[in-house]
Amino acid sequence: MIKKFHHDFVQKRSVYFLMKKENSMFKKLFLVIVASVFLMTACDSVKGVNLNQMILNNAKIKSSQSYAVASLHLSYKKSNVKDKEYLKVLNLLNNMELQVQTKMQNADTFSMGGFVKLKQGKIPFQLYADKKQMVLLLDQASKAIRIPVQQDGGSTEKLVQTIQSKLLPSVVKDLPNPKHINVQNNVHFKVHGEKITGHKIHAVVYANELPSLLLKFLDNLSKDQKALTQLAKTINEVSKMSGDDTVVSVEELKQVIQVVRVQFNQSLPEMKKSGMLTKRNFLKTDILIDKKFNQRKSYTEIGLKKLPEESGGLDGITLKVTQEVWKINKKVKVQKINRTKFLSEDASEDKFLSTLDKKHSVLYHVIKSFAPSIPTVNAVNDHATVISGKVESDSKVYAMVGSKQIGKATAKNGRYTIKVKKQKAGTSIVVYAVDMAGNKSKSNRVKVIDKTPPVVPTVNKITSKTVTVSGKGESVATIYIYNGNKKIGQGIVDRRGNYKVKIELQKTGSTLKIYAQDKSGNKSKSRTVKVS
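Remember, it's a predicted structure, so these values are computed and weren't measured experimentally.

Calculation notes
- Residues numbered from 1 in each chain as written.
- Predicted model: local features only at pLDDT ≥ 70, side-chain atom pairs only at ≥ 80, totals over all residues.
- Heavy atoms only, no water.
- Helix = DSSP H or I, 4+ residues; strand = E, 2+ residues; numbered from the N terminus.
- Buried < 20%, exposed > 50% of the residue type's maximum accessible area, 1.4 Å probe, protein only.
- Contact = heavy atoms within 4.5 Å.
- Areas by Shrake-Rupley, 256 points an atom, 1.4 Å probe, with all protein chains shown as cover.
- pLDDT = per-residue confidence, 0-100.
- Phe/Tyr/Trp six-rings, centres within 6.5 Å; stacked < 30°, edge-to-face > 60°.
- Pairing = 2+ DSSP bridges.
- Axes fitted to C-alpha atoms, helices over the stretch in contact; angles between N-to-C directions.
- Parallel < 35°, antiparallel > 145°, perpendicular 65-115°, else oblique.
- Left-handed = near helix turned anticlockwise from the far one by under 90°.
- Nonpolar A, V, L, I, M, F, W, Y, C, P; charged D, E, K, R; others polar.
- Core = buried A, V, L, I, M, F, W, Y, C linked by side-chain atoms within 4.5 Å.
- Patch = residues over 30% accessible without salt bridge, like charges linked within 9 Å, V, L, I, M, F, W, Y side chains within 5 Å.
- Salt bridge = Lys/Arg side-chain N within 4 Å of Asp/Glu carboxyl O.
- Lys, Arg positive; Asp, Glu negative; His and termini not counted.
- Charge placed at Lys NZ, Arg CZ, Asp CG, Glu CD.

For the protein chain, the count of helices and strands is nine helices and 24 strands. Within the protein chain, the proportion of its 532 residues that are buried is 43%. By sequence separation, contacts in the protein chain at least 24 residues apart represent 60% of the contacts at least 6 residues apart. For the protein chain, the exposed surface amounts to about 30,400 Å²; the carbon and sulfur share of it is 53%.

Turning to the confidence of the model for the protein chain, a few remarks are in order. Interpreting fine coordinate detail is not advised for predicted regions of low pLDDT. Looking at the protein chain, pLDDT values average 84 and 86% of them are 70 or higher. Across the protein chain, strand 2 (residues 96–104) holds the top mean pLDDT of 97, while helix 1 (residues 22–38) sits lowest at 39. Low confidence marks residues 1–43, where pLDDT is under 50. Its contacts with residues over four positions away, or in another chain, come to 94 contacts.

Here we come to the packing of aromatic side chains. In this structure the tally under the stated criterion is three aromatic pairs. Note on tyrosine 480 and tyrosine 515: the rings are 5.3 Å apart at their centroids and 25° apart in plane angle, and the pair reads as stacked. Placement of tyrosine 480 in strand 20 (residues 478–483) and of tyrosine 515 in strand 23 (residues 511–517) is noted, with a sequence separation of 35 residues between them. In this structure tyrosine 515 comes out as buried when scored by relative accessible area, which is 13%. Where tyrosine 482 meets tyrosine 515, the ring centres are 6.2 Å apart and the plane angle is 10°; that geometry is what we call stacked. Of the two residues, tyrosine 482 is situated in strand 20 and tyrosine 515 in strand 23; the sequence distance between them amounts to 33 residues.

The side chains of a regular strand alternate between both faces of the sheet. Judged from the six bridges that link them, strand 20 and strand 23 form a sheet pairing that is antiparallel. From the neighbouring strand, isoleucine 479 faces strand 23, where its bridge partner is alanine 516. Here strand 23 runs beside strand 24 (residues 527–530); their pairing, made up of four bridges, is antiparallel. Across the sheet, the residue bridging to lysine 513 is threonine 528, located in strand 24.

It is worth spelling out the packing of helix 5 (residues 210–223) against helix 7 (residues 250–273) at this point. Direction vectors running N to C along helix 5 and helix 7 enclose 165°, while the axes themselves pass 10 Å from each other. Classed by the angle they form, the pair helix 5 and helix 7 counts as roughly antiparallel. The way helix 5 lies across helix 7 gives a crossing that is left-handed. Contacts between helix 5 and helix 7 pair Pro211, Leu214, Leu215, Leu218, Asp219, Leu221 and Ser222 from the former with Lys254, Ile257, Val260, Arg261, Phe264, Asn265 and Leu268 from the latter. Taken together, the residues that form the contact of helix 5 with helix 7 break down as nine nonpolar, two polar and three charged.

Here we come to the sheet that holds strand 1 (residues 64–76). Whether parallel or antiparallel, the strands of a sheet pair through hydrogen bonds between backbone atoms. The strand order across the open sheet built from 12 strands is 7-8-9-10-11-1-2-3-4-5-6-12, with neighbouring strands paired in mixed fashion. The open sheet is flanked by strand 7 (180–191) and strand 12 (342–344), the only strands paired with a single partner. The average undirected angle you get between the axes of adjacent strands in this sheet is 15°. Note that strand 7 and strand 8 (residues 194–206) share 10 bridges and pair antiparallel. By the bridge assignment for strand 8, isoleucine 181 is matched with alanine 203. Against the sheet, helix 3 (residues 84–93) engages strand 1, strand 2, strand 3 (110–118) and strand 11 (314–326), with an angle of about 135° to strand 1.

Quick look at the nonpolar core now. Core analysis: the largest hydrophobic core is formed by 23 residues, its most contacted members being Ile337, Phe352, Leu356, Leu363 and Val366. Broken down by secondary-structure element, the contributors of at least two residues to this core are strand 4 (121–129), strand 5 (133–138), strand 6 (144–148), helix 8 (349–353) and helix 9 (362–368). Leu175, Leu218, Val256 and Ile257 belong to the second-largest nonpolar core, a separate cluster that totals 20 residues.

When you line up the elements, isoleucine 488 lands in strand 21 (residues 486–492). Note: C-alpha distance between isoleucine 488 and glutamine 506 (18 residues apart in sequence) is 9.5 Å. Residues in contact with isoleucine 488, not counting those within four places in the same chain, are Ile481, Tyr482, Asn483, Lys502, Ile503, Gln506 and Leu512.

Now for a positive patch on the surface. Residues Arg280, Lys284, Lys305, Lys306 and Lys320 make up a contiguous surface patch of positive charge. Mapped onto the secondary structure, lysine 284 falls in strand 9 (residues 281–290). Of the residues examined, lysine 284 reaches a relative accessible area of 32% and is grouped as partly exposed.

Spelled out as structure tokens, the structure:
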């Protein structure tokens, strides 16, 4: 039920001697670069406020409490969204709100509690985590989901501390200030009832400014010998801790930065063509910090008013987030989850749904509202031993004849194949899918196609005086009689399997061919008869 996603960044390099090292080294550097985009609002000192220190202080927080509210608004015209399932998702997420309170007791132990508010109602949730486990409770389920945490002897914590204490200080100072940033000093505000005097930072970053900010950061970093030395040292320490013997030098880092710069410049035309790098897409933030340069309150808005054409009818996205933090590095007690029964992380969706209140649970009804699409079914004939088609990946697909299940399979990569026994022509087969959440699709009904030719008809004796040819054949099949290429008669086999076909008198010694053809167009082999 809990899926893990892993994504590898694979890049080509023009520098041969970096080939063996490029993947691990580039990934680590790439993470730093990505982080820089989110940290653009805090760099050099402005009006005596050390913004670098604010970033570093955030990384050093050991305990705290916080409260955050996030709201999402989507802009779209229903008539422009052609994919009906996609439209259902947009309708579900539009005007969604998330409220969450977080209690961090220490680096290993924290709890979260809150709710997701949808048009259908609220979905409450709780999360608790410590060194041994992570426990998640959704929508007051009778059982919580418990996920064991793999023990690593504290190596992960040490890894994070190494990055925070050594890598961040060396990199943060090379981040350029955005163009639109200002600071107000001696600002008074409240956080969780506490009166605070500090500073207010206001910053705006437009999407069309991001390329120059990123390139400026790369330039600053490539020229900062001290930062590169510390960066290489930290990367090597991180690699060693994670069991990787790769060693990175400062010169190699410079070459990788140059490669990143070149590749970024090469991709710029395509990025600009998408229309995303426009002033209509932006990030605005107001951050309130105390005299110790701890971030205490913030308001952030991300507006994407210009999306690529392939957005499926979605015209814009607006995300707003407010947050406040208190009890920084003070005693905080987490909130444990009050459940004695648990589901494992591998529990099926059916088992999870069974823990929800079917009558009152909003989550249950939301999940149930997303039935998979109707599976397509390729033509099935009376020789077929498989039924195949397309449907949502990971869905279970069932084939039924009346109330009897004749086969089932799980769809992979959007396709399914069900092994079945041969079915009689004309048999009605019903195929439907059930997705991972237990939602059942509408059914697709197909009839088994007749691909079996009729048996070769029998023929009674034909003489030069015969005007009616008779014999036996498949019921309701059509009997054809030919003399050479000339058709001399045809008729229908009756329900009892008998036929009579009128013909003109044929000469003695003539060779006649008689065959049957059923309603599906299947022809039998011909029977040859000589006129006596």
